[in-house]
Amino acid sequence: VARADPRPVVNDLLACHHRQMGGVLVGREAELDRIAGALVSARGGTSRCLLVTGEAGIGKSRLVAEAVGGLGSPDGPDDVLVVTGHAVDMSTGEIPFGVVADTLRDLVRVAGVDVLLPAEREALASLLPGAPPRRPVERVQLLSAFLDLLERLGGERLVVWGVEDLHWADSATRDLVALAARTLPAGLVIIAPVRAADPARPPAAAAALTSY
């Protein structure tokens, strides 16, 4: 979808308009088809990164929830793992890898603590719930460890990683998403709702958010 398109965009960029009647999502068939197509491609070995862009309150997260809501549930396919990390607008400064820590918390909740291998628990200890860091860890080591985890999980099943509110993510997480989007191990789909149009954000920063 061209970036000039006024709809809330899937990226490779998916734009969305606010079209919802009561509790029913309407008029989003094209966007839902784009996401469904990305999931099919990932099953075939072509992973994708989808940025769902649009203004605040336009229904980006609702669109994503509709597209992947049946995946990873008890009634859904058993070969799909859906995990989500939420970014938060922090007035007191960034929490490095905050989205990754939230993703790992969701991973453990969905798949159990045994989903992580001992070496992965060691490498990611500083980000795991209830696990104090054993030693200072370099940023590049955490990046590498999390990407290796995504690659391993993607080799076992289709992994859908949702990054909610990417525009609020800390710089470390944005680096990670950018790196994952460029390497994209097989079996991975990244879906990130992002508020691209924000008067408080400099144009260069807005462009960076949609350059993955």
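Residues numbered from 1 in each chain as written. Predicted model: local features only at pLDDT ≥ 70, side-chain atom pairs only at ≥ 80, totals over all residues. Heavy atoms only, no water.

## Quick notes on the overall build of the chain
The helix and strand tally for the chain stands at 7 helices and 8 strands. Counting every position in the chain, which comprises 212 residues, the buried fraction comes to 45%. When the accessible surface of the chain is totalled, it reaches about 10300 Å², and 56% of it is carbon and sulfur. (Helix = DSSP H or I, 4+ residues; strand = E, 2+ residues; numbered from the N terminus. Buried < 20%, exposed > 50% of the residue type's maximum accessible area, 1.4 Å probe, protein only. Areas by Shrake-Rupley, 256 points an atom, 1.4 Å probe, with all protein chains shown as cover.)

## Regarding the side chain of histidine 167
Along the chain, histidine 167 turns up in the loop between β7 (158–164) and α6 (171–183). Only 2.9 Å separates the side chain of histidine 167 from the backbone nitrogen of arginine 195, close enough to count as a polar contact. (Polar contact = N/O pair within 3.5 Å; in protein donor to acceptor, adjacent residues only side chain to side chain.)

## Some details on unusual backbone geometry
Of note in this structure, aspartate 165 is not a glycine but carries a positive phi near 55°. Note on placement: aspartate 165 falls in the loop between β7 and α6.

## Observations concerning the pairing of strand β8 (residues 188–194)
A regular strand carries its side chains on alternate faces of the sheet. Among the 7 residues that make up β8, 7 are buried, leaving the element largely enclosed by the rest of the structure. The alternating pattern of β8 places Leu188, Ile190, Ala192 and Val194 and Val189, Ile191 and Pro193 on opposite faces, both of which are buried. As paired elements, β7 and β8 share 4 bridges and run parallel to each other. If you follow valine 159 over to β8, its bridge partner there is leucine 188. For the crossover that starts at β7, traverses α6 and ends in the parallel β8, the hand is right-handed. (Pairing = 2+ DSSP bridges. Right-handed = clockwise from strand over helix to strand, strands pointing away.)

## Describing a nonpolar patch on the surface
On the surface, Val88, Met90 and Ile95 cluster together to form a nonpolar patch covering roughly 260 Å² of accessible area. Relative to the elements of secondary structure, methionine 90 occurs in the loop between β6 (80–86) and α3 (98–111). (Patch = residues over 30% accessible without salt bridge, like charges linked within 9 Å, V, L, I, M, F, W, Y side chains within 5 Å. Salt bridge = Lys/Arg side-chain N within 4 Å of Asp/Glu carboxyl O.)

## Side note on the environment of leucine 188
In this structure, leucine 188 sits in strand β8. For leucine 188, a relative accessible area of 0% translates into the label buried. C-alpha of leucine 188 to C-alpha of arginine 43: the two residues are 145 residues apart in sequence and 8.6 Å apart in space. With near-sequence residues (within four places) excluded, leucine 188 lies in contact with Ala42, Ser47, Arg48, Leu150, Val159 and Trp161. (Contact = heavy atoms within 4.5 Å.)

## Considerations on the nonpolar core
Ranked by size, the top nonpolar core spans 40 residues in total, and within it Leu104, Leu107, Phe146 and Trp161 carry the most contacts. For this core, the secondary-structure elements that each account for two or more residues are β5 (48–53), β6, α3, α5 (139–156), β7, α6 and β8. For this core, the element with the highest residue contribution is α5, accounting for 8 residues. (Core = buried A, V, L, I, M, F, W, Y, C linked by side-chain atoms within 4.5 Å.)

## A word on α3
Over its 14 residues, α3 extends 20 Å from the first C-alpha to the last, a length consistent with the 20 Å expected when each residue adds 1.5 Å. The set of residues buried in α3 consists of Val99, Val100, Ala101, Asp102, Thr103, Leu104, Asp106, Leu107 and Val108. Those residues of α3 that are buried lie in contact with β6, α5, β7 and α6. Among the residues trailing α3, glycine 112 stands out with phi positive, at a value near 90°. (Expected span 1.5 Å × (residues − 1).)

## Overview of the confidence of the model for the chain
Taken as a whole, the chain shows an average pLDDT of 75; of its residues, 70% reach a score of 70 or greater. In this model, residues 1–11 is a region of pLDDT below 50 whose contacts with residues beyond four sequence positions or in other chains number 44 contacts. Of the regions scoring below 50 in pLDDT, residues 13–26 engages in 53 contacts with residues more than four places distant in sequence or in other chains. (pLDDT = per-residue confidence, 0-100.)

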